[in-house]
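# Structural characterization, general
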Amino acid sequence: MAKSFPTQARIVVIGGGCIGTSIAFHLARSGERDVVLLEKSKLTEGATWHAAGLVGQFRSQQNLMSIMNASVRLFDTLAEETGQETGWRKVGSIRIAASEDRRKELLKSHSAARAVGFEMDLLSPSEIKDIYPLINTDDLIAGAFIPDDGHIDPNSLTQAYAKGFRARGGRIFEGCMVKELVQTDNRISHVVTDHGTIETDTVVNAAGLWARQVGWMAGVEIPAGVVEHQYMVTEKSPDIPDGIPAFRDPDGGYYAKPEPGALAIGGWEKRTEIVNARDGFPWQNERFLFEDNMDRLEEIFEPAAHRLPILNDLGVRTIVNGPIPISPDGEPVIGPVPGLDNFFAACAFTSGIAASGGVGEVVSDWILNGDPGLDLWPFDIRRFGALHAGHKFLHDRAHESYTKYYAIHWPGEELESARGVRRSPLYHTLKDQGAVFGSKFGWERANWFAPEFRAGDTPTEDVLNFDRAHQMDTVGAEHRAAREGVVLIDMTSFTKLEISGPDACSFLNYLAVANVDKAPGTGTYTQLCNARGGIEADVTIIRRSDDCFWLITGSGFPVRDRQWIDSNLRPSDSVTIRDITSAYGVINLAGPLAREVLEQVCDDDVSHAGFPFAAARDIRIGYAPAVAYRVTYIGELGWELYIPTEYVSYVYETLQEAGQQSAITNMGYRAVDSLRLEKRYLAWGVDITPDYNPFEAGLQFLIDWDKGDFLGRDALARIRDDGVRQKLICLALDDPLPLFGGEAILVDGKAVAQTTSGNYGYTVGKSLAIGYLPVEYLDRNDFAVEAFGEVSRASLIKGAAYDPGRERILR
């Protein structure tokens, strides 16, 4: 090597593809001069070199789209900034719909794009023909055009990042193999390579196809598999116009990228090959391609040739069948790796070229500032646990996610592979009573129950569409039972952390905005905020004794919330944290008749006076011990019953038998969602995230300003004094449009906001939506909501749509 190999560097980036070089470039661009990038071969020679280079910006979630938007803004100027041509061609992209359901999906996307000011034009078949003359429109229904999309040369892009990085003092070492990551306490202290050892403060795993193995060097699991992805390049033809847009036909499962005088045709087949070896992707497979697979190519070529007839007259110049990384859910894996204080992941990108510019920016911010600047939960590595990184789970889920990449993304659709893994003690009981299960963090959870189901009947399959009419007799019936009678909900999948020790109370009071220093036997609903005042977690904390607390959070957040708690432990805090999720099942007994059922099976006083709201007591249900916590997420009288696992089935049977005269029934999570919207109860990751603070969300009443210092206090005090620019509202629609979140909120026909959640309120008889509205519109009440191309007037609801005075809860 021409330059001497360093013995220390503040930040070491492992991996020289488009993601690793972009992160290094953005670190240097932000002023960090002590960065080293290590590449075991040459830049791009993992998955980057054979990527198609399509750049599509639209994503279903605003922050994910923001990352893609940031990439395009960078691509517009990167060549000029670095002096390296990138091959960026902003020719736009077309996505077509050849089925009515696909058209509805386009309409949903268009509303979401409109809500955030993203330009997407809906087109008729003839308008598509005008832009893309190669197309056969005979059976075409509609399409959408995004003018700022395009394509870029992956190799040139990576070289531009590298040139910009070097120009700012960055050092790149190619042909340098990482051999070992040395740990000291919970940090990586040294990166050992075949050229020497580097002492470092921070390590970034951007190793692409080899990210899993690099993770093993650090003693952690990175859920990043590898699959085959194939495309072909046609012979050149003068009939292929210059400057035509990129083209996607998700119904056909393929895309068409314009090449000079030719087309590259690729797709997301249903028969791809998984290449996840148990010991990882072979280190030596640099610039590697698999043998052509004509059977898989035929799957995408036939629909492509139907839609683009010119393909029938062109030969094939090249076939590229290369390895690409993929996660269990098909989305990238980025962020701080749990268990280590200075190890970041940025891998498993199936669309890494398009995302690279924005990802480099947010990962750089995360490393330098401790905060990516926006909520990245759908990409966050902490959405996965040890289960997801297991070889078989990763293998099966990665394959399914790949094959569904272009499938219609139905609201509430559940993945089908790797199911039945984590089961409540009530799983078989509920299955025999007609439960239709979904999955959350590996847990099987009842989404809804088939009516008149008998044990031994064929299990009912979920109904997937863009409407809710079919749910009236299922989800609607469960909803009404909760409002009028009594229901049982299996909530065993709740994450339960026991936090104990001499400093447990002071630590939790520092972590939470509310005051948890209450008498034992009391629960507190609170948020955990970051230094900016953003909401990192939405939890309940139950004080079991002076020095012991239970922190209850969502089923999908055990890794994320535990990492947040661990990362904010102060050196003086003497606490012990234990995950007790598997030790206790949870049954929610709820509804106006819940007390009548509970008092039949327990000797304790469960009256309102004897067992007030937010009280948590040790009781017995029949013979079995339980912790009963009086609380609600549906807006009715109810108790969450925390039961040692071995007693759960017995308690369920006892309650079900006692509730026969009250017509007790099972209820699933889809009814929970409908019920909670009527009460304006919020869901973390959807309605509240680190992007929002308690004042915006209407949760400021929970903040205890008198308890002393707590995390985020200074920022929240500034927000309190300065005011906010947006506030969460609830809207009730005049027309029963199906709402799922992401719809545009309109004023005078102009999109001014976007819904975060939407559902039908079966008690109030209205479609309901919540979202954040700019404060200048709060005094108006002439709103409308657009869903699937239809627009309904909507009324602003002050407080909750149902029982705003909380009489139903406090009785």
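The text that follows walks through the structure, step by step, so that each part is easy to find.

About the criteria used
- Residues numbered from 1 in each chain as written.
- Predicted model: local features only at pLDDT ≥ 70, side-chain atom pairs only at ≥ 80, totals over all residues.
- Heavy atoms only, no water.
- 1 Å grid on protein atoms, 1.4 Å probe; cavity = no way out; pocket = protein on both sides within 12 Å on 5 of 7 lines; lining within 4 Å.
- Points joined across faces, edges and corners; volume = space filled by probe spheres on them.
- Helix = DSSP H or I, 4+ residues; strand = E, 2+ residues; numbered from the N terminus.
- Contact = heavy atoms within 4.5 Å.
- Salt bridge = Lys/Arg side-chain N within 4 Å of Asp/Glu carboxyl O.
- Buried < 20%, exposed > 50% of the residue type's maximum accessible area, 1.4 Å probe, protein only.
- Axes fitted to C-alpha atoms, helices over the stretch in contact; angles between N-to-C directions.
- Parallel < 35°, antiparallel > 145°, perpendicular 65-115°, else oblique.
- Left-handed = near helix turned anticlockwise from the far one by under 90°.
- Pairing = 2+ DSSP bridges.
- Phe/Tyr/Trp six-rings, centres within 6.5 Å; stacked < 30°, edge-to-face > 60°.
- Lys NZ or Arg CZ within 6 Å of the ring centre and 35° of its normal.

Below, the discussion takes up empty space enclosed by the protein. All chains considered together, the criterion is met by 4 cavities of 30 Å³ or more. Computed from the structure, the largest cavity encloses a volume of approximately 70 Å³. Along its surface, the largest cavity is lined by 13 residues, and Leu430, Leu488, Ile489, Asp490 and Met667 are the ones closest to its centre. Every element with two or more residues in the lining of the largest cavity is listed here: strand S20 (443-449) and strand S21 (487-490).

Once that is clear, we can look at the environment of Val686. Along the polypeptide, Val686 turns up in the loop between helix H17 (669-678) and helix H18 (694-697). A sequence separation of 70 residues divides Val686 from Thr756, and the C-alpha atoms of the two residues are 6.0 Å apart. Residues contacting Val686, with those up to four places away along its chain left out, are Thr756 and Ser757.

Time to look at the pattern of salt bridges. Under the counting rule described, the total for this entry stands at 39 salt bridges. Notably, a salt bridge pairs Arg532 with Asp371, separated by 2.5 Å at the nearest N-O pair. Of this pair, Arg532 sits in the loop between strand S23 (522-529) and strand S24 (535-545) while Asp371 sits in the loop between helix H8 (352-369) and helix H9 (386-389), placing them 161 residues apart in sequence. When its relative accessible area of 38% is taken as the criterion, Arg532 is described as partly exposed. In this structure, the salt-bridge partner of Arg808 is Glu636, at a minimum N-O distance of 3.1 Å. Pair noted here: Arg808 is in the segment after strand S37 (790-797) and Glu636 is in the loop between strand S29 (624-630) and strand S30 (638-644), with a separation of 172 residues, a long-range link. For Glu636, a relative accessible area of 0% gives the class buried. Several salt bridges share partner residues, and in doing so they unite Arg483, Glu636, Glu678 and Arg808 into one network.

Along the chain, the position of Thr193 falls in strand S10 (residues 187-193). Assessed through its relative accessible area of 7%, Thr193 is described here as buried. Non-local contacts of Thr193, meaning those with residues more than four positions away in its chain, are made with Phe5, Leu38, Cys176, Met177, Val178 and Lys179.

At a minimum axis distance of 8 Å, the contact between helix H1 (residues 18-29) and H8 shows a crossing angle of 45°. On the basis of the axis angle, H1 is oblique to H8. Pair H1 / H8 crosses with right-handed handedness. Of H8, the residues touching H1 (which contributes Cys18, Ile19, Ser22, Ile23, His26 and Leu27) are Gly352, Ile353, Ser356, Gly357, Val359, Gly360, Glu361, Val363, Ser364, Ile367 and Leu368.

The next thing to look at is the pairing of strand S33 (residues 744-747). Residue alternation in S33 divides its side chains into two sets, Ala744 and Leu746 and Ile745 and Val747, and both sets are buried. Pairing between S33 and strand S34 (residues 750-761): 4 bridges, direction antiparallel. When the sheet's bridge partners are listed, Ala744 is paired in S34 with Gln754. Between S33 and S34, which follow one another and run antiparallel, lie 2 residues, and Asp748 among them has a positive phi close to 55°. As paired elements, S33 and strand S36 (residues 783-787) share 4 bridges and run antiparallel to each other. Its bridge partner lying in S36, Ala744 is registered against Glu786.

This structure, assessed with the given rule, holds 27 aromatic pairs. Between Trp377 and Trp684, the aromatic rings sit 5.7 Å apart at their centres with planes inclined by 75°, giving edge-to-face as the arrangement. Of this pair, Trp377 sits in the loop between H8 and H9 while Trp684 sits in the loop between H17 and H18, placing them 307 residues apart in sequence. The buried category is assigned to Trp377, whose relative accessible area is 14%. Residue Trp684 is classed as buried on the basis of its relative accessible area, which comes to 9%. Connected via pairs of aromatic rings, a cluster forms that spans Trp210, Phe281, Phe288 and Phe290. Geometry around Tyr669 places Arg445 over its ring, the cationic atom sitting 3.7 Å from the centre. Above the face of the Trp550 ring, Arg544 is positioned so that its terminal group lies 4.7 Å from the ring centre.

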